[in-house]
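Topology and contacts: notes
Here is what each chain is made of, one letter per residue.
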Amino acid sequence: MRQTTPLHRGGAGEPLVLLHGFTASWRTWELVLPALERRHDVLAPTLLGHAGGPPLPEDPTATSVVDAAERAMDEAGLETAHLVGNSLGGFVALALAARGRARTVVALAPAGGWAPGDPDYAEMLQYFATMHEQTVAAAPHADQLMATREGRRLATASITVQFEHLPAELLADQLRAAAQAAAPEMLATVAGGYPELDAAAITCPVRIVWGTDDQLLRWPTAAVRFREDWLPHADWVVLDGVGHCPQLDVPLETAQLVLGFTT
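Everything numeric here is computed off the predicted structure, so don't read it as measured data.

Looking now at the overall build of the protein. Secondary structure assignment for the protein yields 11 helices and 7 strands. Relative to the compact-globule value of 18 Å for 263 residues, the protein shows a C-alpha radius of gyration of 17 Å, a close match. Expressed along its principal axes, the backbone C-alpha trace of the protein runs to roughly 45 × 45 × 40 Å. Counting the 263 residues in the protein, one finds 57% classified as buried.

Okay, the packing of helix α2 (residues 64-75) against helix α3 (residues 88-98) next. Interhelical geometry of α2 versus α3 gives an angle of 70° and a closest axis separation of 10 Å. Judged on the interaxial angle alone, α3 and α2 are roughly perpendicular. In terms of crossing hand, the pair formed by α2 and α3 is right-handed. Of α3, the residues touching α2 (which contributes V65, V66, A69, E70 and M73) are V92, A95 and L96. Of the residues belonging to the contact of α2 with α3, the class tally is 7 nonpolar, no polar and 1 charged.

Moving on to the packing of aromatic side chains. Tallying each qualifying case throughout the model produces 10 aromatic pairs. What links up through ring pairs into an aromatic cluster is the set W210, W219, F226, W230 and W236.

Locating D67 in the fold gives a position in helix α2. For D67, a relative accessible area of 27% gives the class partly exposed. Sequence separation between D67 and A95 is 28 residues; the distance between their C-alpha atoms is 9.6 Å.

We now examine the pairing of strand β6 (residues 206-211). Burial within β6 is extensive, with 6 of its 6 residues counted as buried. Where burial is concerned, the two faces of β6 agree: the one with V206, I208 and W210 and the one with R207, V209 and G211 are both buried. Bridging between β6 and strand β7 (residues 235-239) involves 5 bridges; their strand directions are parallel. In the strand pairing of β7, I208 is matched with W236.

Attention now moves to α2. Here α2 is 12 residues long and its end C-alpha atoms lie 16 Å apart, about the 16 Å a rise of 1.5 Å per residue gives. Of the positions making up α2, those classed as buried are S64, V65, V66, A68, A69, E70, A72 and M73. Residues of α2 that are buried make contact with β2 (14-19), β3 (40-45), β4 (81-86), α3 and α8 (183-189). G77, located one to two residues past α2, shows a positive phi value of around 75°.

For the rest of this paragraph, the subject is empty space enclosed by the protein. Overall, the coordinates contain 2 cavities of 30 Å³ or more when judged by the stated rule. Roughly 310 Å³ of volume is contained in the largest cavity. Around the largest cavity, the lining comprises 27 residues; the ones closest to its centre are F22, L88, M186, V190 and Y194. Elements supplying a minimum of two residues to the lining of the largest cavity: α2, α3, α4 (119-138) and α8. In the lining of the largest cavity, the residues fall into 22 nonpolar, 5 polar and no charged.

In this structure, P220 follows W219 across a cis peptide bond, with omega equal to 0°. Secondary-structure assignment places P220 in the loop between β6 and α9 (224-230). The phi angle at S87 is positive, at roughly 60°, despite the residue not being glycine. Along the polypeptide, S87 turns up in the loop between β4 and α3.

Definitions and limits used
Residues numbered from 1 in each chain as written. Predicted model: local features only at pLDDT ≥ 70, side-chain atom pairs only at ≥ 80, totals over all residues. Heavy atoms only, no water. Helix = DSSP H or I, 4+ residues; strand = E, 2+ residues; numbered from the N terminus. Rg over C-alpha atoms; globule rule 2.2 N^0.38 Å. Buried < 20%, exposed > 50% of the residue type's maximum accessible area, 1.4 Å probe, protein only. Axes fitted to C-alpha atoms, helices over the stretch in contact; angles between N-to-C directions. Parallel < 35°, antiparallel > 145°, perpendicular 65-115°, else oblique. Left-handed = near helix turned anticlockwise from the far one by under 90°. Contact = heavy atoms within 4.5 Å. Nonpolar A, V, L, I, M, F, W, Y, C, P; charged D, E, K, R; others polar. Phe/Tyr/Trp six-rings, centres within 6.5 Å; stacked < 30°, edge-to-face > 60°. Pairing = 2+ DSSP bridges. Expected span 1.5 Å × (residues − 1). 1 Å grid on protein atoms, 1.4 Å probe; cavity = no way out; pocket = protein on both sides within 12 Å on 5 of 7 lines; lining within 4 Å. Points joined across faces, edges and corners; volume = space filled by probe spheres on them.

Written as structure tokens, this is what we have:
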């Protein structure tokens, strides 16, 4: 079993920061790292409140994760970088761009784009609350579960369409990471609604990528505010038959979408 670490850094070139989704860890990017590191100095931190990352402060707010990601860039000596984020990490990348920290942003199914009052938002919060309870119970058996095809399909059903290529060891690690995340505390910070995005302050190029088979942030309803209010002029890429985590589902295509925008 690979030891959980707070971050990964490797490669050479212009800096690129990878920001993972809710309850994941930096290892969600492993399948795209080889391609990205051939052209970039890649920093992949684990986010605040997640396994191996910085602990939550005593009174976390909805912007604590963004603040911590900015500190991670500071500690790595990166004033600006190309930013790539998935789900929660996609929103964090865009929020950092609004603070002037991005050269470009590639956001993979970024969170926060629901229309006001969309019932899918409450459903998503409940999903993660239930999932956290289930992962805590399943984590001690992660290796045994991922040793079976049925276990790997169950573990990936909400995040990918394709799963046969995903290493069992990586999936077991991600299950354990989900169990260690401070999910209940973080969900409480957004129970009243997701933070607003200061889209007017984003001046760098932005590419938004969304899979049509996303089971967590459903296309196109979870993208409404990005498409209509915040970033209608972004470079929009829709991937047919792809789920919530393109970096796992279609890693080669995802790496190409990033490199085609950052280099």
